[in-house]
Amino acid sequence: MKLNLDAESSPQATRPKKKHGRKNSHLKPSKSHAEKQNSDELHLEQEAPTADEAPLQQHLDSASLSDSKEDVSDEFKDLKLSKARESGSADEQDHVNTGSPDNLDQENEDDNPIRDQVDEESDSSEDEVAPRNTIGDVPLEWYRDEKHIGYDISGKKILKKEREDKLQSFLASADDSKSWRKLYDEYNDEVIELSKEEVKQLRRLLKGKAPHADFDPYAPYVDWFKWDDAKHPLSNAPEPKRRFIRSKWEAKKVVQLVRAIRNGHIKFDKPKEEQRFYHLWGDDSSSTEKTAHLSYIPAPKPKFPGHDESYNPSLEYIPTQEEINSYQLMYDEDRPKFIPRRFTSMRSVPAYDNALKDAFERCLDLYLCPRVRKKRINIDPESLKPKLPSRKDLRPYPTTCYLEFRGHKDAVMSISTEANGQWIASGSLDGTVRIWEVETGRCLKVWELGEAVKYVAWNPLPELPILAAAVGVDVLLLNTGFGDGEVQAKVKELLHIDALPATDNSDKTPIATWLQDDKVEGIRLRHFKTVSSVEWHRKGDYLSTVMPAGESRGVVIHQLSRKLTQKIPFKLHGLPVSSIFHPTRSIFFVSTKKNVRVYDLLKQKLMKKLETGLREVSSIAVHPAGDNVIVGSREGKVCWFDMDLSSQPYKILSCHPKDVTNVAFHRSYPLFASCSDDCTAYVFHGMVYSDLTQNPLIRPLEILRGHKATNGRGVMDCKFHPRQPWLFTAGADSVIKLYCH
Amino acid sequence: MDMDGVSEDSSRRIQVRFITKLMAPCRVPTNAIAIPSNLTRLGLSTVVNNLLLAGNPEWEAEPFDFLIDGEFVRMSLEQFLLAKGISAEKVLEIEYIKAVVPRREEEPSVHDDWVSAVDGSHSGFILTGCYDGLGRVWESSGLCTHILEGHKDAISSVCVVNPEEAASVTLATASKDQTLRLWKYSKDDRDSNPTKIRPFKILKGHRLSVQSVASQKSGDLICSGSWDCTINLWQTDETHFEGNVSIKKRRKNDQVEESQLEGDSVATLVGHTQCVSAVVWPQHGEIYSASWDHSIRRWDVETGKDLFNIFCGKALNCLDVGGEGSTLIAAGGSDPTVRIWDPRKPGTSSPIFQFLSHKSWISSCKWHDKSSFHLLSASYDGKVRLWDLRTAWPLAVIDSHKDKVLSADWWKGDSVVSGGADSKLRISLGICVS
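Every value quoted in this text rests on a predicted model; they were computed, and no experiment measured them. (Residues numbered from 1 in each chain as written. Chains lettered and ligands numbered in written order. Predicted model: local features only at pLDDT ≥ 70, side-chain atom pairs only at ≥ 80, totals over all residues.)

**Considerations on the overall build of chain A**
Scanning chain A from terminus to terminus reveals 14 helices and 33 strands. Counting over 741 residues, chain A shows a buried share of 30%. Within chain A, counting contacts between residues at least 6 apart in sequence, those at least 24 apart form 49% of the total. (Helix = DSSP H or I, 4+ residues; strand = E, 2+ residues; numbered from the N terminus. Buried ≥ 20, exposed ≤ 12 C-beta atoms within 10 Å, placed from the backbone. Contact = placed C-beta atoms within 7 Å.)

Structural data, given as structure tokens:
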């Protein structure tokens, strides 16, 4: 076995040596010369003569190279013929001569194309030699799993011989003393036994000697060239030294490569493994070797035919006549290109009349449609979301409605909580102001005012239970009747006008007149225009009213203790919407339809202008710490302003699909809310940090539903309970709801 | 236990023995009998009733509740055994008690306005407070014997100060007009029907609405919680009016001149930050209070300091102390959960029981004064529920009110009285709490 293997590898092993020998043969006698001497070695030596050498040495005087080639081949033919006649050796020798050199040929065909030519020509002349290469120009491994190897001349498969199993062949080889001389020819599937001479030749080749023993490599040089009588003598210069030493630059290059290999810059990949199976109809856009190139963009695939394009589709694919008629009414682009039809057999399918047109259009598509590689970035949409704390960690906040305050007959426009959170007041379009007990939902007091109540505001001082209500052009200051005797005495004194304060005798109509109203036991502040909102100052003495139609006198500040009215000393820009006092400092916010202006009341000048960028501001609320403002708008947006940061909104929350009717901050919890005509109220976590470098944290918490839309209006007002994390919402459905945590 | 047997055979039988602590007519023979394992409470009740009927032909059917190892059976017997891992092989001892459900509903006692407070701690009458500012004494359903007249605003809480005395009982009412009033009530002086009583003492001192009132067991002192975040202690004794605490005063605008006392508070307990919505005074020196600031506090009356507080997380409306050893605290508030704490447990921040069937705020919760397991709760969803600590389901739901129930209490140990926003006082009778 081992010998066999050796023998198999021996031709390859000898090859480099042979090549070497060929190189050396520059100065040696020509091959033809050698062949003349040993015709037996013809085939072993056949690859030696190359295009450069043979003509150069044999026919220096010949005119053209092609001629010389023919000459050479002719010479070979002669030689072969003569050899065949002379030697008359056994068939096996032929095998060696033809088979094994062929083997070599297969591997070295790039080296000498001439060799093939020569071989073919010699074959054509020698018909009796059977074509030995039965498998053609394909790798041998393709036949690895086949039962045959190659085809004979009539195209029939040549079956492989049955091989003995290894054990048997081993035993046989152990018995047979000649077995070491046998070797297996894979290409022809036969066992060749080498003769003793051949083995000797091989041995000599292994040693690097000339194959034939008779050949003398050191034969005396015969100078065939006729030096005399030559008209132009050849150069007699000695061979230059560079011919004998290796190139410096090549050496450098080799060193470079060696270093690169050692350092691992050049890596020898494992030979690529051929994919055994591949997807014949696979989408070439995904094939890796094509997409590896930069610019390759695969052509769009045409649509595959579906069931409806079958010659005999199911009935559900066949359109009815009505459908076909309706196609005629469609635009050309929308009309289906193909109307499925049924045929009884394939044969009856007519030629497709649009075949040419379709092919043309496809070509146009491929040619004209620019194919552009789109750059796509894969971003996880989750990662784009801001990191927000979990809702669970932000408890408590209002979630569930447990209490309803029912009694109003029409939409509740406004609610206000008492400072302790024991009662709330509400004003409604049915012309009543009601006071409710928060704890039980009981209505304690009702004032029939006869006109729609737009706004109610409870005095922020707990010891002054006065309620201001905006009714038409009037603002009513009502005594709620809560509190003990002292409180009541004080309230009654406050709400009593002894004598009208000296009226300005100016020709203009006064902004507001203070009147005693005996019916409701309070003060009626009659304005010159309809009042839309009333807000108290934190000390409970001043209150501001807003008249949207009041133009330059649209925002007015009243003083309760002195029964005085004054317009704000600032110019108004646009229609005033609402006004609010700063919770701690003497700062006054006036919001117009577009912007919010912040005035310092002490210095009497404009401090800041908050540019909302909204179409129409509807409401405004100030954070209890005073530095942050939220503004609700008619387009459903809520803007959060950090006044220390900028006059632009810090955050814009567009959460409501309809108008935001009101916004509110909680007095102590970090909560704010907005309510809207879409019948929902949103509760947000709005944490303002005392650290000025940290931005407020805003987190939506809950959508509170429950109100029903009435006349297109939803929730009209929302207010937080002053001490609990509860939210009151007033709905256009005349219900007030209390959402608890 | 044998799992296959339970699943394959629905009519599998279990050996049980019924035992009870009830008296003679309700006793069944104690020998073991075999009953189907798929019986529920109703089935068991039928079995016991049949057994009783067999022994006593005059027996009237009676609902029973069943306890196995101290737990109520609230599913089918085999499920219960499976859930508790009790073997069905040996003879099972089932204790039965009379079901705690109201047998009868009295006619409602109609008020003029919402009934905000009821007190049934005196067995002779029910005291109610109403939003029209009048307190009423009901001897039975529909029979109002006395009207307490004097408050200028709604009464928020009532309490019977000394229930032991039979002849003359002192009543206390707290009102949203920031005062408390004390009344003397004796059963005998009944001339017209109903008799109007005027208060003998007005307690002024709170700055805002008084929300709750409770009396000491001995009846000398009462305490009150108010919206001004304080708890005030007052003396009920009328002999003390000469002292510096009380001032004698005559009312002139009344036709009949009568003496009325005005009292100041003896002490003020400050600590709560919001409305004190409920106070109870279960023992001599200790007051419990619940507040909208989400805390429950226990106050030492002598020193006026709060001994501990439990933080609940919700605004609280009601509080009661009772149960096992009169130490468990039950409270409810602005969510539908009745929570029970055991202050004896170390680190008592979390409740030991939570009852969750209500749908709205809890307005009232009261322990049964005899049983250590039973309590009732009233809610704004219009229902009064009876609870037993041994099961998480309500024992009974009294759904007689049309609107919010604002207050509820036990009466005479076997009835539940409740008043609500439908202006009615409802009495449910015949609740057998053993």
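**Points about the UniProt feature "repeat: WD" (unreviewed entry) in chain B**
As annotated in UniProt, the feature "repeat: WD" (unreviewed entry) corresponds to residues 148-193, 203-235, 269-309, 328-342 and 355-397 of chain B in the numbering used here. Secondary structure within residues 328-342 of chain B divides into 0% helix and 87% strand; the distance between the first and last C-alpha atoms comes to 5 Å. (UniProt positions renumbered as here; feature names shortened; annotations may be inferred.)

**A look at the sheet that holds strand β3 (residues 64-68) of chain B**
All names here are of chain B. Sheet architecture is open: 5 strands sit in the order β2-β1-β5-β3-β4, paired in mixed fashion. Edge strands, defined here as strands with exactly one partner in the open sheet, are β2 (33-36) and β4 (71-72). Across 4 bridges, the pairing between β3 and strand β5 (residues 92-98) is antiparallel. Across the sheet, residue D65 finds its bridge partner in β5, namely I97. (Pairing = 2+ DSSP bridges.)

**Brief notes about the confidence of the model for chain A**
Per-residue pLDDT for chain A averages 77, and the proportion of residues at 70 or more is 78%. A low-confidence stretch, residues 1-127 of chain A stays under pLDDT 50, and its non-local contacts, those more than four residues away or across chains, total 97 contacts. (pLDDT = per-residue confidence, 0-100.)

**Details of the interface of chain A and chain B**
On the chain B side, the residues contacting the 10 residues of chain A number 17 residues. A class-by-class count of the residues in the side of chain A that touches chain B yields 3 nonpolar, 4 polar and 3 charged. (Nonpolar A, V, L, I, M, F, W, Y, C, P; charged D, E, K, R; others polar.)

**Regarding the nonpolar core**
A468(A), A469(A) and A673(A) are the most contacted members of the largest nonpolar core, which totals 199 residues. When residues of this core are assigned to their parent elements, the largest contribution, 6 residues, is made by strand β11 (residues 466-471) of chain A. A468(A) has contacts with V456(A), A457(A), V475(A), L477(A), V534(A), W536(A) and L543(A), leaving out every residue within four places of it along the chain. Of all hydrophobic cores here, the second largest spans 17 residues; its members include L52(B), F64(B), F66(B) and L81(B). (Core = buried A, V, L, I, M, F, W, Y, C linked by C-beta atoms within 7 Å.)

**Comments concerning helix α8 (residues 196-207) of chain A**
For α8(A), which comprises 12 residues, the first-to-last C-alpha distance of 17 Å matches the rise-based estimate of 16 Å (1.5 Å per residue) to within 8%. Downstream of α8(A) by one or two residues, G208(A) has phi in the positive range, about 85 degrees. (Expected span 1.5 Å × (residues − 1).)

**So, the sheet that holds strand β9 (residues 126-130) of chain B**
Residue and element names in this part refer to chain B. Taken in spatial order, the 5 strands make up an open sheet running β8-β9-β10-β11-β15, and their pairing is mixed. Edge positions in the open sheet fall to β8 (115-119) and β15 (195-197), since each of these has one partner strand only. Taking each pair of neighbouring strands and ignoring which way they run, the sheet shows an average axis angle of 25 degrees. The pairing of β8 with β9 spans 4 bridges and is classified as antiparallel. Looking at the pairing, V118 lines up with T128 of β9. (Axes fitted to C-alpha atoms, helices over the stretch in contact; angles between N-to-C directions.)

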